[in-house]
Amino acid sequence: MADKPKISVRDILLTQRGLAFVSTAGVSAQYAVRAVELELAELGYVISKRLQERLCRCSNEGLTAFRAETINALQEHLGVQKHEPLFRQFPQGIPNDTDDLWWKKVLVHFLQAEDQPCLFCGRTGTTHVLNPCKHVVCDYCFDGSNYSACPTCEHHVDRSSPFFKAEPDHQPGKESVDFQRLDLGGDETKAVKELFLRLCERKQALSETDRTTLAAIAREYKTQILAWLPATIPVRENVAIVFGTLFQECPSAEVLPIAKRYLLTATDVLRFLAVYSGCDGSLLQETIHKQVGVQEKTSRFWSKVAKFFGDNTPPARIHTVTVSLRVNRFKVAKLSRSLRRALLEILNQLPREALFEDMLRHRSYWVWAGEFLHPGEYAKRYPRVAEAFQIVRKKNEAGVPAPKFQTWYSRIESAAKNRDIESLAATLSERPGEFARRIDFALRIAQGQSAHLELITQCFLALLPKMATPVLLTLSAHLPKRIERAKIRVYWPKARVAMGVSAPDQRQLLTWQGIQQLVQAVRGELLERFAKKPRFTQGIVDTELAAIPVPFNERTASPSAVTLPRGAAVQVELQKTIRLFMHWCEPEKHGHATDLDLSVALYDQNWKYLDVCSYYQLEIRKQGRVVAQSAGDLRDAPWPDGATEFVDLHRDAAISQGARYAVMVVNNYGGMPFSQLERGFAGLMLRDDPLSQHFDPRTVKLKFAISGENGIFMPCVLDLQEQKLHWLDVQSKGQLAMNNVSTSNNAITKICPELITYFQSGTRPSLYDLALLHTAARCQQVTLFGKEKHYFQRRPNESIPAFYERLLAGTQTDPASPANPNAEPVMALLFRGNLELPEQSLVYALFREQVIPTLAASDLLS
């Protein structure tokens, strides 16, 4: 992967929480502060009054530093780069006949020669040889003020050629903007410590953004964080991120004594090795890359064209592609002898059975790691480790086969196969987390026998306090849905990117009698846990959160400017011009030409394919109305500027042609995998003035990273009829190269409607469900607001479960108004942060806007 610049913790607090820290004292001129405010406004940000006052009491040097740090961080966050499409006059100057343009390019490629009249206009002295592609283009037939690259091959070329004319002037336009607020941060170290603790206390795998944040804190604050560590870190990957990063930055003698208290299993040691070696600690397959040449599929057609022009040796249409191979190993960093001994000692102190079991879970990785740990050198000192490596390698150093070892998972499979419910319940009870994840499986096996069902239920209930909050919340939504057949069943294989696999629901149905006790107990346990957290007089919950799933499988979530959980459905103003954008850049070193394509595919309400706007159809025009326009196809993205593509979509025109769904598709046509690029991101703007500057950061509603290795990325679907954005964030493997909407259509028409159906089914809990559990357990008064406001007051002697049931029903509202929200802190769980809230409030907001959030969605599960 290309080396990415390391983000600072201060930048993270600025972009994620809207907190700015100003430390130097002095006096700044008011006009200078105003100039900084204007620059921030151009990015869609305003500053609070107290931040403004603090900047006025800041030295000129401090204000200059603040401006540079803040503007750079926000520009990076929003994707501000040099965004120059192929057609610089976009959305004007787009050829309305893509076939005619294509034939012109073919003829120029084969027949146009230097110092010859133009093939099309017959003029002399109007042709120019572009470097380095050597194509000869006519400045009369191709508008040099419109093109940013070679009109024939669409690769970037030397722009000093006389062919290229002055660039069109695109000024900022008049746009309606929802500004986001920046506020003055207090004690920076305290804010960092709070963020660090929240990340350590998470109970599900972190997203890439949060992993980066945790590593950044460890990298900047070094051994200072050792005093901040909580007694336990539930997610074992986080242990590896913290200590793997610290060992890279700090003397091992300072870190090792503390690390030993947290490396509790063999897998902890393996994850630590991975992070120390520069990997993420997930123990997913690592990817290696190999460049190969792939011949263009249309080579036969090109041969016919060449023969027509008397050339029997058409140019080789070979695309350089990087093949991604996945392996169960990583490049291990250099290990000192003392560190190897320390790790072997930790392993040797683990219980024998647990050590063997744990190492066999990641057998391939341990076989590889053993080549660097050299357990044979210390076989006498650490005999248990030597024996464990014999089990893993299946033989000892003399080649004698190792004894067989029955794993926990094989015991589960054996008990299930033999329908031995007592053994199954006993084995599952050894691991409460696995019991929770397999309860549906266990109930299906036990169903039909009341005694067996009761045994599974009672064993499960006894272990409830030991089960993680995220899995219990998932069960609270999943189990009630199991009494009916699901329209579609979706699996989420463990991977670095989301590739939802679907199948018909053929599971045996559960009965309400069989699950009712479990559902009530799970909800009761969640309410009891949340009731132990800090209390508030008033809670505020936005009903729009019902369309936002609780984050899950965050390891695969694309880093984005707005953290939308996968499956979220968001109302958006699609009556504006919808401008989709994509930007990518090849690395400075060891990079090669990479062609990504941005497309919009249109479908009717039954998901019948209608049309596409892409590199092979630059414009959709029906009955004189423009439905969609592409800004052109750039076929490379050289460092440092990279390349950008845009597609404008007009909702009313699309609907008039029968379209309901518009699918944004990013295809890797050829070149490097997404993950190997210097940078790659895409997103969506809603524009009032599309004729102004191409990229206006004030109008960016969604911006997300392009990552992974696969060829087809389907980030979102726009429901044009309901003006709704469905955030899917899912990939499909696609072809080795030459991916486009035509080759991807089967994947699009299967994956997109199935995932929309899946997320709308309610089989996954929503943030609204989670918000009701929190506010019922922690607040005396709750306001539910959406189109209407509903007030709820906990009644005298009303239990938390009873109050929760009233909130869940949402109908038995109380006439009394809630307490004055300005009087004391509140707990507010919002869709849009457009409320004025008291200081010290506990706030989550999907779209931050005017509030300064103190919570991320995943913090609500901790």
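Everything numeric here is computed off the predicted structure, so don't read it as measured data.

Trainee: An account of unusual backbone geometry is needed here, citing residue identities and associated values.
Mentor: The step from Phe-90 to Pro-91 runs through a cis peptide bond, and the omega angle for that step is 5 degrees. Within the element layout of this structure, Pro-91 appears in the loop between α4 (60-78) and α5 (98-111). Each neighbour pair has its own omega, and for Trp-639 with Pro-640 the value is 10 degrees, a cis peptide bond. With a phi angle near 55 degrees, Arg-419 is a residue other than glycine that sits in the positive phi range. Here Arg-419 shows up in the loop between α16 (408-417) and α17 (421-429).

Trainee: Could you give an account of the sheet that holds strand β22 (residues 724-732), naming the residues involved and the relevant values?
Mentor: Pairing is antiparallel across the open sheet formed by six strands, whose spatial order is β11-β22-β21-β18-β13-β14. What marks the edges here is a single partner per strand, and that holds for β11 (569-571) and β14 (609-613). Ignoring strand direction, the axes of neighbouring strands in this sheet form an average angle of 25 degrees. Here three bridges tie β11 to β22, and the two strands are oriented antiparallel to one another. Residue pairing in the sheet places Gln-571 in a bridge with Lys-724 of β22. Here helix α24 (residues 741-760) sits on the sheet in contact with β13 (595-603), β14, β18 (661-670), β21 (712-719) and β22, set at roughly 125 degrees to β22.

Trainee: Pulling in residues and values, what's your account of the pattern of salt bridges?
Mentor: One pass over the full model with this rule turns up 45 salt bridges. Between Lys-701 and Asp-178 there is a salt bridge whose closest N-O contact spans 3.6 Å. Placement of Lys-701 in strand β20 (residues 700-705) and of Asp-178 in the loop between β4 (136-138) and β5 (180-184) is noted, with a sequence separation of 523 residues between them. Of the residues examined, Asp-178 reaches a relative accessible area of 44% and is grouped as partly exposed. Across the pair Arg-438 and Glu-434 runs a salt bridge whose closest N-O atoms are separated by 3.2 Å. Judged by relative accessible area, which is 24%, Arg-438 ranks as partly exposed. On the basis of relative accessible area, Glu-434 is assigned to the buried category, the value being 16%. A single salt-bridge network, built from bridges that share partners, covers Arg-660, Asp-719, Glu-722 and Lys-724.

Trainee: Kindly report on the packing of helix α7 (residues 208-221) against helix α8 (residues 236-249), identifying the contributing residues and their values.
Mentor: Viewed as axis vectors pointing N to C, α7 and α8 meet at an angle of 35 degrees, and their least axial separation amounts to 9 Å. The handedness of the crossing between α7 and α8 is right-handed. Seen from α7, the contacting residues are Arg-211, Leu-214, Ala-215, Ala-218 and Arg-219; seen from α8, they are Asn-238, Ile-241, Val-242, Thr-245, Leu-246 and Glu-249.

Trainee: Before we move on, can you summarise the sheet that holds strand β1 (residues 19-20) with the specific residues and values?
Mentor: If you trace the three strands from one edge of the open sheet to the other, you get β1-β5-β2, paired in parallel fashion. The sheet is open, and its two edges are formed by β1 and β2 (45-47), each paired on a single side. Sheet topology note: the β2/β5 ladder contains three bridges and is parallel. In the strand pairing of β5, Val-46 is matched with Arg-181. The sheet strands contacting helix α3 (residues 49-56) are β1, β2 and β5, and the helix crosses β5 at an angle near 55 degrees.

Trainee: Could you give an account of helix α6 (residues 188-200), naming the residues involved and the relevant values?
Mentor: Look at α6: 18 Å from first C-alpha to last across 13 residues, which is about the 18 Å you get at 1.5 Å a residue. Buried residues of α6: Glu-188, Ala-191, Val-192, Leu-195, Phe-196, Leu-199 and Cys-200, and no others. An end-on view of α6 places all buried positions within 170 degrees of arc, on one side of the element. In this fold, the buried residues of α6 make contact with α1 (9-17), α7 and α8.

Trainee: Can you tell me about the packing of aromatic side chains, naming the residues and giving the values?
Mentor: For the structure on display, the rule yields 32 aromatic pairs. Aromatic pair Phe-247 and Phe-272: ring centres 5.0 Å apart, planes at 80 degrees, arrangement edge-to-face. Of this pair, Phe-247 sits in helix α8 while Phe-272 sits in helix α10 (residues 266-276), placing them 25 residues apart in sequence. For the pair Phe-247 and Phe-272, a shared accessibility class is recorded, and that class is buried. Taking 5.1 Å as the distance between ring centres and 70 degrees as the angle between the ring planes, the aromatic pair formed by Tyr-758 and Phe-759 counts as edge-to-face. According to the relative accessible area criterion, Tyr-758 is buried, its value standing at 8%. Taken together, the ring pairs in this structure connect Trp-492, Phe-552, Tyr-758 and Phe-759 into an aromatic cluster.

How each quantity is defined
Residues numbered from 1 in each chain as written. Predicted model: local features only at pLDDT ≥ 70, side-chain atom pairs only at ≥ 80, totals over all residues. Heavy atoms only, no water. Helix = DSSP H or I, 4+ residues; strand = E, 2+ residues; numbered from the N terminus. Pairing = 2+ DSSP bridges. Axes fitted to C-alpha atoms, helices over the stretch in contact; angles between N-to-C directions. Contact = heavy atoms within 4.5 Å. Salt bridge = Lys/Arg side-chain N within 4 Å of Asp/Glu carboxyl O. Buried < 20%, exposed > 50% of the residue type's maximum accessible area, 1.4 Å probe, protein only. Left-handed = near helix turned anticlockwise from the far one by under 90°. Expected span 1.5 Å × (residues − 1). Arc of directions from axis to C-beta. Phe/Tyr/Trp six-rings, centres within 6.5 Å; stacked < 30°, edge-to-face > 60°.

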